[in-house]
Structure formats: structure tokens, C-alpha cells
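Observations on the three-dimensional arrangement
One letter stands for each residue in the lines below.
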Amino acid sequence: MTPLTPETVEFTGARGGEAPLTWGQRMIWGSTRWLDDGDPYFNLSWTLPVAGTVDLPAVLRAVRRLIERHETLRTAYVETAEGVVQRVARAGRLTVGVYEAGSRPMTAAKTLAADLAATAFDYAGELPVRCAVVVTGGRPRAVALALSHLAVDGWSLNLIATEWPRLLAGDDLPAPARQPLDQAAYESGDEAAARSARAVRHWRAGLARAPRTMFDFPEREPEEPRFVRYGMRSLAAAVAAETLAARCSATTASVLTVASAALLAAVTGHRTAVLQLIVSNRHDPRVRDMAGPAALDGLFVLDLAGGTFADAVRRGHGQAMAAYRNGHYDLPAVDAVRAEAARERGADLDLDAFFNDVRPDGRWPDLPPVDRGDPGEPAALRERTRTFFDGGYPKVKAHAFFATGPASATCEFFVLVDTAFLPGETAERMLLGLESLLVRAVAEEVPVDRVAEICGLAPVRRPAGWTRAGDDWIDNTER
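Since we're looking at a predicted model, the values are computed, not measured.

Our focus in this paragraph is the overall build of the chain. The helix and strand inventory of the chain stands at 13 helices and 18 strands. Relative to the globule expectation of 23 Å for 479 residues, the C-alpha radius of gyration of the chain, 23 Å, shows essentially globular dimensions. Oriented by its inertia axes, the alpha-carbon framework of the chain measures out at about 65 × 55 × 40 Å. Taking all 479 residues of the chain together, the buried fraction comes to 54%. Considering only contacts in the chain between residues 6 or more positions apart, those separated by 24 or more positions represent 80%. Taken as a whole, the chain presents about 20300 Å² of accessible surface, with 50% of it coming from carbon and sulfur. Across the chain, the centroid of the 54 positively charged side chains sits 3 Å from that of the 62 negatively charged ones.

It is worth spelling out empty space enclosed by the protein at this point. Scanning the model with the defined rule gives 1 cavity of 30 Å³ or more in all. By volume, the largest cavity is sized at about 100 Å³. As for the largest cavity, its lining consists of 14 residues, of which Gln183, Asn281, Val287, Ala294 and His328 are closest to the centre. Of all elements in the fold, only helix H1 (23-34) and helix H5 (180-187) reach the threshold of two or more residues within the lining of the largest cavity. Classifying every residue of the lining of the largest cavity gives 5 nonpolar, 5 polar and 4 charged.

The next subject is the nonpolar core. Formed by 92 residues in total, the largest nonpolar core has its most connected members in Phe309, Phe413 and Leu438. For this core, the element with the most residues is helix H8 (residues 252-268), which contributes 11 residues. Non-local contacts of Phe413, meaning those with residues more than four positions away in its chain, are made with Tyr230, Gly231, Met232, Leu256, Ser260, Phe355, Phe402, Ala403, Thr404, Gly405, Leu431 and Leu434. Counting 43 residues, the second largest nonpolar core, distinct from the first, contains Val59, Leu66, Ala117 and Leu127.

We now examine the sheet that holds strand S6 (residues 83-88). Each strand in a sheet pairs with its neighbour through backbone hydrogen bonds, running either in the same direction (parallel) or in the opposite one (antiparallel). Read across the sheet, 3 strands follow the order S3-S6-S5 without closing on themselves; strand pairing throughout is antiparallel. Two strands in the sheet have a free side with no partner beyond their single neighbour: strand S3 (17-20) and strand S5 (75-80). The mean angle between the axes of side-by-side strands here comes to 30°, regardless of whether they run parallel or antiparallel. The pairing of S5 with S6 spans 6 bridges and is classified as antiparallel. Its bridge partner lying in S6, Glu79 is registered against Val84. Against the sheet, H1 contacts S3, S5 and S6, and its axis sits at roughly 65° relative to S5. Sheet strands touched by H5: S3 and S6. Its angle to S3, the strand with the most contacts, is close to 40°.

Next up on the list: unusual backbone geometry. Here the amide bond leading from Glu224 into Pro225 is cis, since omega sits at 0°, within 30 degrees of zero. Turning to its location among the elements, Pro225 is positioned in the loop between helix H6 (190-209) and strand S10 (227-234). Residues other than glycine seldom take positive phi values, yet Ser249 does so here, at roughly 55°. Here Ser249 falls in the exposed class, since its relative accessible area comes to 61%. One non-glycine residue with positive phi stands out, namely Asn281, at about 60°. Within the secondary structure, Asn281 is located in the loop between strand S11 (272-279) and strand S12 (296-303).

With mixed pairing, the 7 strands of this open sheet are ordered in space as S12-S11-S13-S15-S16-S10-S14. Edge positions in the sheet fall to S12 and strand S14 (386-393), since each of these pairs with one other strand and no more. Direction aside, the axes of adjacent strands within the sheet are offset by 20° on average. Direction of pairing for S10 relative to strand S16 (residues 411-418): antiparallel, over a ladder of 8 bridges. Considered in S16, the bridge of Ser234 is made with Cys411. Of the strands in this sheet, S10 and S16 touch helix H7 (residues 235-248), which is tilted by about 75° from S10.

A complete count under the given rule lists 11 aromatic pairs for this structure. Aromatic pair Phe354 and Phe401: ring centres 5.3 Å apart, planes at 20°, arrangement stacked. You can see Phe354 sitting in strand S13 (residues 353-356) and its partner Phe401 sitting in strand S15 (residues 400-404), a full 47 residues away along the chain. Their ring planes at 35° and their centres at 6.3 Å tell us that Phe355 and Phe413 sit as a pair that is tilted.

What follows is about H5. Summarising burial for H5: 6 of the 8 residues are buried, a large majority. Restricting attention to buried positions, one finds in H5 the residues Pro180, Leu181, Gln183, Ala184, Tyr186 and Glu187. On its buried face, H5 sits against S3, H1, S6 and H6.

Quick notes on the rules
- Residues numbered from 1 in each chain as written.
- Predicted model: local features only at pLDDT ≥ 70, side-chain atom pairs only at ≥ 80, totals over all residues.
- Heavy atoms only, no water.
- Helix = DSSP H or I, 4+ residues; strand = E, 2+ residues; numbered from the N terminus.
- Rg over C-alpha atoms; globule rule 2.2 N^0.38 Å.
- Buried < 20%, exposed > 50% of the residue type's maximum accessible area, 1.4 Å probe, protein only.
- Contact = heavy atoms within 4.5 Å.
- Areas by Shrake-Rupley, 256 points an atom, 1.4 Å probe, with all protein chains shown as cover.
- Lys, Arg positive; Asp, Glu negative; His and termini not counted.
- Charge placed at Lys NZ, Arg CZ, Asp CG, Glu CD.
- 1 Å grid on protein atoms, 1.4 Å probe; cavity = no way out; pocket = protein on both sides within 12 Å on 5 of 7 lines; lining within 4 Å.
- Points joined across faces, edges and corners; volume = space filled by probe spheres on them.
- Nonpolar A, V, L, I, M, F, W, Y, C, P; charged D, E, K, R; others polar.
- Core = buried A, V, L, I, M, F, W, Y, C linked by side-chain atoms within 4.5 Å.
- Pairing = 2+ DSSP bridges.
- Axes fitted to C-alpha atoms, helices over the stretch in contact; angles between N-to-C directions.
- Phe/Tyr/Trp six-rings, centres within 6.5 Å; stacked < 30°, edge-to-face > 60°.

Structural measurements only, silent on function.
See below:
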């Protein structure tokens, strides 16, 4: 790519203002505080195509309109004596880079977006968006974006992608029904307080049933990098998950959640699994067109002692729905419940195992047609499955993280592990184990207590002196 003269986009929105952080912003802010200064882990890269004969001024106008309509893209996050606030600028300017790429402009834009996202944002002093335009022969072909996770989440990125062609075309779009400033006002009211109180009760009840941690065994020498992520693309897993979801009156998200919980429990030697589910909090139509982080953690606790995997899916679907319904809350209130539970249990609670379904509608809309009535069909599809190393990280606040990918025509699935607790190879084995479990469960009833065997997983071995107390493991040699 050849850099050309950058452009300046000047914007003036409908309003500016200041408010406390929303609950979703507070969740991300707390996570950023856990990272080292300058760590860009919570930066997001995104690319947008430019189709047709649109010229550079039209692209810049579309960028301006995007920033003007979504207040989150012109928000700073400032620490004050009263706490962190979101501060929306009504007007300002954004420097937009312009780069000439001889061929493959979308590929060039993805590279450029990753470069833009490689440096941490100055949350108080910088717009939470960086932008560049890729041109070929002087004609714009793609836009590269880097955005702070404090400004957007996955839902917001899909919202921006949906709006982008209409903004390029110059269409008039209705203003979003709610912006983060409005969300902060809503969350200070009685309706949100009642929802938060229900969520607090859900957390209190769930923590009473959950193990203190899924990782109650000695740490090992971590690998380098310490945190590794593997991915899988499996049409067999998608077909099997859809078949099981229909059979169990559940969703594919619940099938994948229960499978993840069963794999983790099998590896760590637990009969009850606890995961935190990433809850998008977009079921309320008032926030469906709000760009900005809204997600919080939901608590999922599932008893896996006895029965079949299908039985676990049926139970787990109800538990997952409860977690999602109770995923909107005032974060300090839930933190207080967690601290209370830790005092009652006599030890800190380590809930750093997660599941995140990033699919916008929780489904795969473009799966190819297959014979769903043939229980052997998913097994026949396994030869198409591919696994791959997806990256390593020096620091992540998770010991295990299961997640779908955005692919719409296959099951794209990822497992991240903290190698101080689980070997990196276990992540890849859990991916193929998930596929094995789902495919096997379509063809026959799979006992939950055989998950490790069926999935080819080696459970953690605890040293002599470790004993089970309820669903916790205790090191008696320390007494």
C-alpha cells in the first residue's frame, strides 16, 4: 500500500453531553483496568466495502454521518473525582488516512485495520475510532476501521455494517432510538433497578450451587505465549447442533453452551459446571439500534451428574435462558453478591470460564442442504472439518473461553485456554471433542459421565492429598 495525502472529516452531531458510564461501558472499563497500560487487547478492527462508482468525497461524507449519528463514536471516557464518566463531543474532527492498493483492496483494508488497532486508545484524549480509506486507481474500494471496545461491541459492528451502504448512498436514516447517554439515564431509573434486583437474586441462587472454581488443582508451568486460542470450522458440528436443538426443544446456542460446560467439567473433574455467558442485552427493542457496549456476564450453572447429554441439553437450555434474562444489572450490586458468597464459602470465587455466542441471530442461516433425517449424515461430514491455531496472548482474564465465530455456513468455534491450568493442546482436543460429542449424541444416547472418553480428553490429575468436598476439590496437605 502507498500512503496518499490524508483527509480531515469535520463532524457536528445533534448534541453533546456527559453522564456516568452505562452498565455495559462499566464492564468493559473494568476489564481494561485489568490490562497493562498500552495493551490494545480491547481494540476491534473492522472493514467495510465500498461498491460501485462512489468517489472519495462521498465516502468521507458517509464516515462523517456515521460519527454524527452514533454518539459513542465521539465519546471520551474521563476519570473524575466522582468516578469515570462518558463525555460526548458534539463537534470535532477525525483524520482519515488514504492508501493506494494495487489489488485485493479488502485484504489490504483488513491489514490496515489491524495496524490501526495495534496501538491502545487514549480513552480520555482520543476519539474511539480510527479510519482509513483504501483506493485502487484513485477509486475508493474499502474502509478500514479500528474501534475501542468501550465504544462498540459485536452487535454495534454488525449495525454499522448494515447502515454503511445506505450512508454511502446518501439515504436518510432515522435517528437511533437510544444512545449511551440515554441508556445511562434509563439505568438510573426504577425499571432498570427492578431488573437489576432480579439479576442479583439469580446470581445469589446460582453461586450457592456453583463450585468455587472449575480450576481447583495446582497450576503448571505456563507455555509461551501463556494464553492460546484454537479454532474449528465444522459443518458436522453445525448439522448435529441443529438436529439436537430441534430434538430437545432448545436452541443451538444452548446445545453449544452445554457441550462446552460438559467438556470443561470432564477435563477438570467436576460434576457441576459454571460458565459466565456473554449476554448481549439486545432483546429490548429500545437498544437494538444503539451503538455502544451493552453486554454483561450472565451466570450459568449446570448439574452434570448422571443422565445423558440430551438430558443435560434440556436442563441446560432453561439455565441458559435464565442467565440471559438476568444479564442486565448494576455491576457493583452483583460484585457485592459475589463477595458475600466468597465470605460464606471461605475462599474467593474464580469464575473465569466463559461462553460467547457472537452470531447475530444465534443461528447459521446459510448451511447447505443435508438429509436431517439421517443420523449418520453429521458423521459423514466430519471429513470436511478443519482446526487451526488462532493466536496467542500474554494476558487474558480467562482460564477457558469458548466462543462461536461469525460464519453463517458452518459452525465456527473457538477455545482459548490459560496454559498455566490446561495445556495448549487441550484447546484443540476440546474442539474436536465438541464435534465428536454432538455427532455421537445425534446417533445415540451419550451418558454424560463418558464425555471425557468419547471426546478423547485426559482429565486433570490432582496430586495425592486432594479430596472432593461437595463439588469443590480441597488440598488437604495445606492443612
